[in-house]
Amino acid sequence: MTSQLIYWLEYIVNFTGTIAYVFFLYLLIRRFLILRSERKLFILASFLMLTTLSGPIIYPEELTGTISVLFLFLLYLLIFFKGKILERVSVCIVLYPILVTLNFITENIGFQIWLANRDMSPLAQTALHSFTTYLRIPAWFLIWLLCRRWVPRARELTERMWLVIDIICLASAIGLITFIYNSPQEGAHTTYPACIACILTSIGCLYLTSYVAKTIRNEFEIQNLKYQQSYYEELEENQKTVRKIRHDMKNHLSVIYSFIQNRDFEGAAKYFRELSGELTVNNRIFCKNSIVNAVLNSKYSAALDKKIDCFFNISIDGLLGIDDVSLCSLFSNTLDNAIEACEKIQDISKRQISLKARYDKGFLSYEISNSKANPVTVKKDRFVTEKKDKSSHGFGVQNVRDVVDKYAGNLDIAYTDDRFTVTVLIGNL
């Protein structure tokens, strides 16, 4: 009866300890990926499965627990989270060494203490096992504390960057599996430095994701600042023109009055048209977001310079769920591609771009359609640029995909012989 009571006591204490440290692991994963559903039962099922797969004990000189955790963890991320498969596999590769190492070290610490005190009572053994389980709580809390500011930016990483990080962490994971398999039962503590190095490698990769994503974001912000600078410079020039015309308005009215007095109505109309042309300003108000408006003005002016007929219908006031950098990336990349496609059309009268963007009731709908003449080349689900320097170009559509995936939206690309259309729908904003 006493042994059965101790068994259940150990089970309850260890289960609650596992829940405690898995909670911080769960919070860390949620900063990487987006759950498929926010329903409470779905979240609970997700959490319980994560608790189950985090429980296996990792023993030296065997791979059953080590490999099972890998496949269960990957299966968990694929089932309960959405997004690109590469991103979910990458999260598994980055966090797996930490999960396995903490389970291995804490369990082995308890084993080493037991070896030194083999005459422990069953109750003392239960307390020791519970102690080693609870050691993981401060460890995961510290990791979560260190990484919580870094991880959100990881959603801005491109596939190539994820692959680089995967290679580093995969090497760490393979090394960890090798260390565990070759660790002697009674001398496993000699591998602790190598195991800790694996944890530091994964944490370093988490910081690397933040640093690289921050660099990418800074480049976009610099580009957006250039758009704003160009916008305000044009605005200043327009204001100078208006001030100059206002200063000479009396003279202009006198000239027009003299034309009318002499009944030279054609001359008056001609002079008025010339004066109206001087008053025309280049800046337009497409939306209240000053940064997006600057981007749209820049692209609109570039399109008009290339004799492209443009129609913009923008209604995104109140859109706060998407940051300005991502929003500008969406507009600028699609407009750049549309302008480039239209520029290749020999018949100027057929150059057309239609852009519609609307935000309503938490949903952003975005559609840009442009005429085209050149054929579209697709290789392995990627659109191939026609420019000679392919290493520096051809990322426009991929950048749009990254923005859409970041906010768990839907992207649809359709094209015919003479038309190319990109449609984006993002909800829950």
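Structure: see above.
This is a predicted model, so every value here is computed, not measured.

## Section: the overall build of the chain
Counting secondary structure elements, the chain contains 13 helices and 9 strands. For the chain, contacts bridging at least 24 residues in sequence account for 74% of all contacts bridging at least 6. Of the roughly 23400 Å² of accessible surface on the chain, a fraction of 60% belongs to carbon and sulfur atoms.

## What to know about the packing of aromatic side chains
In this description, an aromatic ring pair is defined by two values, namely the gap between the centres and the angle between the planes. Inspection of every chain in the model, using the stated rule, returns 14 aromatic pairs. Centroid distance Tyr 76 to Phe 80: 5.4 Å. Interplanar angle 40°. Geometry classified as tilted. Residue Tyr 76 and its partner Phe 80 are both found in helix H3 (residues 64-80); the two are separated by 4 residues, about one turn of the helix. Here Tyr 415 and Phe 420 contribute two aromatic rings whose centre-to-centre distance is 5.9 Å and whose plane-to-plane angle is 10°, an arrangement assigned as stacked. These aromatic residues form a ring-pair network of at least three members: Phe 23, Phe 24, Phe 141 and Trp 144.

## As for the sheet that holds strand S4 (residues 352-360)
An order of S3-S4-S5-S9-S8 is seen for the 5 strands of this open sheet, with the pairing classed as mixed. On the outer flanks of this sheet lie strand S3 (309-315) and strand S8 (410-415), each paired with one strand and no other. Averaged over all pairs of adjacent strands, the angle between their axes in this sheet comes to 5°, without regard to strand direction. Alignment of S8 against strand S9 (residues 419-426), held across 6 bridges, turns out to be antiparallel. The residue of S9 that forms the bridge with Leu 411 is Val 424. Each of S3 and S4 touches helix H11 (residues 290-305); the most contacted strand, S3, lies at about 165° to it. Sheet contacts for helix H13 (residues 396-406): S8 and S9; angle to S8, the most-contacted strand, approximately 150°.

## Examining the side chain of Asp 323
With respect to the helices, strands and loops of the structure, Asp 323 is situated in the loop between S3 and helix H12 (324-343). Here the side chain of Asp 323 touches Ser 326 through a polar contact of 2.9 Å, landing on its backbone nitrogen. Within the local environment of Asp 323, its side chain forms a polar contact with the side chain of Tyr 407, the two groups lying 2.4 Å apart.

## A few points about unusual backbone geometry
Only a minority of non-glycine residues have a phi that is not negative, and only a minority of peptide bonds are not trans. Backbone geometry places Lys 307, a non-glycine residue, at a positive phi of 60°. Among the structural elements, Lys 307 can be located in the loop between H11 and S3. When its relative accessible area of 54% is taken as the criterion, Lys 307 is described as exposed. Backbone geometry places Lys 361, a non-glycine residue, at a positive phi of 55°. Inspection of the secondary structure assignment puts Lys 361 in the loop between S4 and strand S5 (363-371).

The rules behind these values
Note on numbering: residues in each chain are counted from 1, in written sequence order. Per-residue local features of the predicted model are confined to residues with pLDDT of at least 70, and side-chain atom pairs are confined, for both listing and counting, to 80 or more; whole-chain, interface and lining totals are unaffected and use all residues. Think of the side-chain values as coming from all heavy atoms in the structure, minus any hydrogens and water. A run of H or I in DSSP counts as a helix once it spans at least four residues, and a run of E counts as a strand once it spans at least two, with each numbered from the N terminus. Only heavy atoms matter for contacts: two residues are in contact if any of them lie within 4.5 Å across the pair. The Shrake-Rupley method, run with a 1.4 Å probe, gives the accessible areas here. Residue values count only the displayed protein chains as cover. Two rings from Phe, Tyr or Trp (for Trp, the six-membered ring) form a pair when their centres are within 6.5 Å of each other. A pair whose planes differ by under 30 degrees is stacked, one over 60 is edge-to-face, and the rest are tilted. Strand pairing is assigned whenever DSSP identifies at least 2 bridges connecting the two strands. Every angle, taken between N-to-C directions, lies between 0 and 180 degrees, and every axis is a line fitted to C-alpha atoms, over only the stretch in contact when it is a helix. Whenever a nitrogen or oxygen atom comes within 3.5 Å of another N or O atom, the pair is scored as a polar contact, on the condition that within protein one atom can donate a hydrogen and the other can accept it, and that pairs from neighbouring residues in sequence are kept only if both atoms are in side chains. Three labels apply to residues, based on accessible area from a 1.4 Å probe with only protein chains included: buried if under 20% of the type maximum, exposed if over 50%, partly exposed otherwise in between.

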